[in-house]
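# Observations on the three-dimensional arrangement
These are the residues of each chain, in order.
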Amino acid sequence: DETTKIDIEIDLIHTAVRRYLNRMTLDRLNPLQLTRWHRIMLSTIHLEHAGDILERNLRRLSTRIRNHGLVFSSRQVDVLVDLLDRLSVLLKLRTSSLVSFHSEVSEELSRLHAQFNSSVMNSMDEYIRSAAGAGVEPLSGADSVYFDLVSDLQHMARLLMGRTGDPVLTESIAFVPA
């Protein structure tokens with residue numbers, strides 16, 4: 001299935017990057033290079049973890065949707081598509097930040113991550129208000145799966161930002177394998 005193929009591809013990239021980074025002699029790196037090495041290594045671990053979440057949870061949730069005949073509302077579909085689009089942009093920008101040393105990339109990444117979180121919060125607030133107004137029992141059926149998906153997407157966005165969303169170093173660093 002498609003998610004398994006994507007996860008395998010992410011695992012291969014993760015392995016290649018780690019293999020490359022592990023060939024470096026860390027004691028030959030200056031402090032700035034060493035900091036960059038750690039950030040790249042952490043980012044590749046986070047990217048691989050995000051891929052695992054995507055593969056594992058999408059399979060579980062798609063099985064749940066099929067087995068129970070669950071259907072999302074058109075608004076839920078719109079929000080999920082919007083969040084997936086935003087996550088895709090975050091992923092592309094995050095991967096470019098690993099090879100770019102421009103602070104503008106980091107600033108744009110932080111801005112887009114804030115927009116992503118705002119979109120998540122708005123969609124949750126909107127659901128809570130509509131469920132409360134309609135007397136709907138919250139978090140049952142498709143709504144439960146919807147919030148699981150939104151939560152997983154938000155977790156993946158946090159992983160893409162790294163531990164704290166630290167700004168990317170602005171100085172160019174040349175790595176030389178050991």
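Residues numbered from 1 in each chain as written. Predicted model: local features only at pLDDT ≥ 70, side-chain atom pairs only at ≥ 80, totals over all residues. Heavy atoms only, no water.

### What about the confidence of the model for the protein?
Do not read the fine detail of predicted coordinates wherever pLDDT is low. Here the protein shows a mean pLDDT of 74. Residues at 70 or above account for 78%. Mean pLDDT across the elements of the protein bottoms out in helix α4 (residues 103-134) (76) and peaks in helix α5 (residues 142-161) (82). Under a pLDDT of 50 for its full length, residues 163-178 has, in the predicted model, 45 contacts with residues more than four places off or in other chains. (pLDDT = per-residue confidence, 0-100. Helix = DSSP H or I, 4+ residues; strand = E, 2+ residues; numbered from the N terminus. Contact = heavy atoms within 4.5 Å.)

### Digging into the packing of helix α3 (residues 74-97) against α5
Relative placement of two packed helices is described by the angle separating their axes and the distance separating the axes. In contact at an axis separation of 10 Å, α3 and α5 are set at 15° when each is read in the N-to-C sense. Classed by the angle they form, the pair α3 and α5 counts as roughly parallel. When the axes of α3 and α5 are compared, the crossing they make is left-handed. Mapping the contact onto sequence places Gln76, Val79, Leu80, Leu83, Leu84, Leu87, Leu90, Leu91 and Arg94 in α3 and Asp143, Tyr146, Leu149, Val150, Leu153, Met156, Ala157, Leu160 and Met161 in α5. Each residue belonging to the contact of α3 with α5 can be placed in one class, and the counts come to 15 nonpolar, 1 polar and 2 charged. (Axes fitted to C-alpha atoms, helices over the stretch in contact; angles between N-to-C directions. Parallel < 35°, antiparallel > 145°, perpendicular 65-115°, else oblique. Left-handed = near helix turned anticlockwise from the far one by under 90°. Nonpolar A, V, L, I, M, F, W, Y, C, P; charged D, E, K, R; others polar.)

### A closer look at the packing of aromatic side chains
The full count for this structure, using the stated rule, is 2 aromatic pairs. A ring pair is formed by phenylalanine 72 and tyrosine 146, whose centres lie 6.4 Å apart and whose planes are at 65°; its orientation type is edge-to-face. Taken together, the positions of phenylalanine 72 in the loop between α2 (31-68) and α3 and tyrosine 146 in helix α5 put the pair 74 residues apart, joining distant regions of the chain. By relative accessible area, which is 3% here, tyrosine 146 ends up buried. Arranged with centres 5.2 Å apart and planes meeting at 70°, the rings of tyrosine 146 and phenylalanine 147 form a pair that is edge-to-face. In this pair, the class of tyrosine 146 matches that of phenylalanine 147, namely buried. Through pairs of rings, three or more aromatic residues link up here, namely Phe72, Tyr146 and Phe147. (Phe/Tyr/Trp six-rings, centres within 6.5 Å; stacked < 30°, edge-to-face > 60°. Buried < 20%, exposed > 50% of the residue type's maximum accessible area, 1.4 Å probe, protein only.)

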